[in-house]
Amino acid sequence: MTETEHLQPRFTTDNLLSLQTHILAEEKAHPGATGDFSWLLSAISLAAKTIANKVRRARIENVLGDHGDRNIHGEAQQKLDVISNEIILRCLGDRANVAVLASEEDDAPVVLRSRGAGGRYAVLFDPLDGSSNVDYSVGVGTIFSILQVDSGPVQSSYLQPGVRQKAAGYILYGSSVVFVLTTGNGVNMFVLDQSIGAFVRVASKIRMPERSKIYSVNEAYRDSFPKGYRDYLDFAHANGYSSRYIGSMVADVHRTLLKGGVFLYPPTGTHAGGKLRLMYEANPMAWIMEQAGGRACAGRDRILDIAPTDLHERTSVVMGSAGEVDEVLRHL
Ligand code: P6P
């Protein structure tokens, strides 16, 4: 060691970087950014920490099970669906740049303010996807999509194809609380460090494996899948694929993001157009898949190109490693 080397500051290769500092760094990278967007993402981070606490304590606080009402989809609302929805509305409601909040749990979007009053963004979200799994401590998640609402009547301004998203992400409340985010510059992953109450970055610019012999689908509906999907399953069975299905989209997609493979929800007898919602489930997840080098399709169409006509419309999905999605499409 030279006589001055001991004076050099020792920077680790993996600097400690929180979600907040990441958001501010991204803001600095966008010349002319007003900070509006950072303000919005920090509200989602606050909501995520609050929901994570509620999910972890659900059985202790006896907030499991049915809320007693049904949502617009006719699904029995879980108590935690309603609680999570209210947490997000309370965290985002005071953000001056939010024009529209559109939730899976609400029939119609909440219009908070017009563009004239400063409303610039629409935030669409599924507050607690897979919520019925909480009763068994299986991973559940919040999915969000952010669009800019610059033209048209604000009530329908959020009906834009997924390719127009400004940010998309999810928070997985699993064995750890994971926040995955893209703003169009790759996919970054943060884990909640409970000891300091902050999301710390653990991976940046995540790239999915091109191929991985894992398929994720609810095979109970196999007989009602269109023939091409059944042909694909025969191919997978004959070629040594593993089947992994949690039944919680956020958990299944997160595994696919990190390990590769393909997640499918084909058209079924019950849901001829697919079960998953386009605007606040398929679109945000599709953008994350593509930003990580993967693909996301509805049949043969690219999900992000679908022109939506209704906030709650559904779609089929085939998403994951590019090579694995192509393998499915080869059979359709
Ligand atoms: P099925 C949860 O209810 C959900 O919306 C997604 O999280 C999940 O991928 C899917 O439905 C599971 O549906 O029909 O397999 O139970």
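Quick note: structure is the one above.
Residue positions are counted from 1 within each chain, in the order its sequence is given. Residue-level local features of this predicted model are given only where pLDDT is at least 70; pairs of side-chain atoms are given and counted only at 80 or more, and the full residue set underlies all totals for whole chains, interfaces and linings. By convention in this description, side-chain values take in all heavy atoms of the structure and omit both hydrogens and water.

Draft legend 1. Structural view of the site of the ligand. In the vicinity of the ligand, the contacting residues are Asp-129, Gly-130, Asn-218, Tyr-221, Tyr-245, Gly-247, Ser-248, Met-249, Phe-263, Tyr-265, Lys-275 and Leu-276. Between the ligand and Asp-129, the relevant distance is 2.5 Å, taken from an oxygen atom to a side-chain nitrogen or oxygen of the residue. In the model, an oxygen atom of the ligand is placed 2.8 Å from a nitrogen or oxygen of the Met-249 main chain. Split into classes, the residues belonging to the shell around the ligand amount to six nonpolar, four polar and two charged. A molecule or strand has a residue near it when one of that residue's heavy atoms lies within 4 Å. As used in this structure description, the phrase polar contact means that two N or O atoms lie within 3.5 Å; if the pair is within protein, one of them must be able to donate a hydrogen and the other to accept it, and residues adjacent in sequence are counted only when both atoms belong to side chains. Each residue receives one of three labels: charged for Asp, Glu, Lys and Arg, nonpolar for Ala, Val, Leu, Ile, Met, Phe, Trp, Tyr, Cys and Pro, and polar for the others, Gly being one of them.

Draft legend 2. Region of interest: the pattern of salt bridges. We define a salt bridge as a side-chain nitrogen of Lys or Arg found within 4 Å of a carboxyl oxygen belonging to Asp or Glu. Taken as a whole and judged by the stated rule, the model has 14 salt bridges. Between Asp-94 and Arg-95 there is a salt bridge whose closest N-O contact spans 3.4 Å. Residues Glu-104 and Arg-277 are paired through a salt bridge, measuring 3.1 Å at the closest nitrogen-oxygen approach. Highlighted residues: Glu-104 in the loop between strand E3 (98-103) and strand E4 (110-111) and Arg-277 in strand E14 (residues 276-277), separated in sequence by 173 residues. For the purposes of this entry, the term helix denotes a DSSP run of H or I that reaches at least four residues, the term strand denotes a run of E that reaches at least two, and both are numbered from the N terminus.

Draft legend 3. Spotlight on the packing of helix H2 (residues 36-56) against helix H3 (residues 79-93). Fitting a line to C-alpha atoms yields each axis, with helices limited to the stretch in contact; the angle taken between N-to-C directions then spans 0 to 180 degrees. Running from N to C, H2 and H3 point in directions that differ by 150°, and their axes come no closer than 9 Å. With respect to their mutual orientation, H2 and H3 come out roughly antiparallel. The chirality of how H2 crosses H3 is right-handed. On H3, the residues that touch Leu-40, Ala-43, Ile-44, Leu-46, Ala-47, Thr-50, Ile-51, Lys-54 and Val-55 of H2 are Leu-80, Ile-83, Ser-84, Ile-87, Ile-88, Cys-91 and Leu-92. Angle categories: roughly parallel below 35 degrees, roughly antiparallel above 145, roughly perpendicular from 65 to 115, and oblique for all the rest. Handedness of a helix crossing follows the sense of rotation of the near helix relative to the far helix, less than a right angle counterclockwise being left-handed and clockwise being right-handed. Working rule for contacts: check all heavy atoms of both residues, and any pair within 4.5 Å makes them a contact.

Nothing here speaks to function; it is all geometry.
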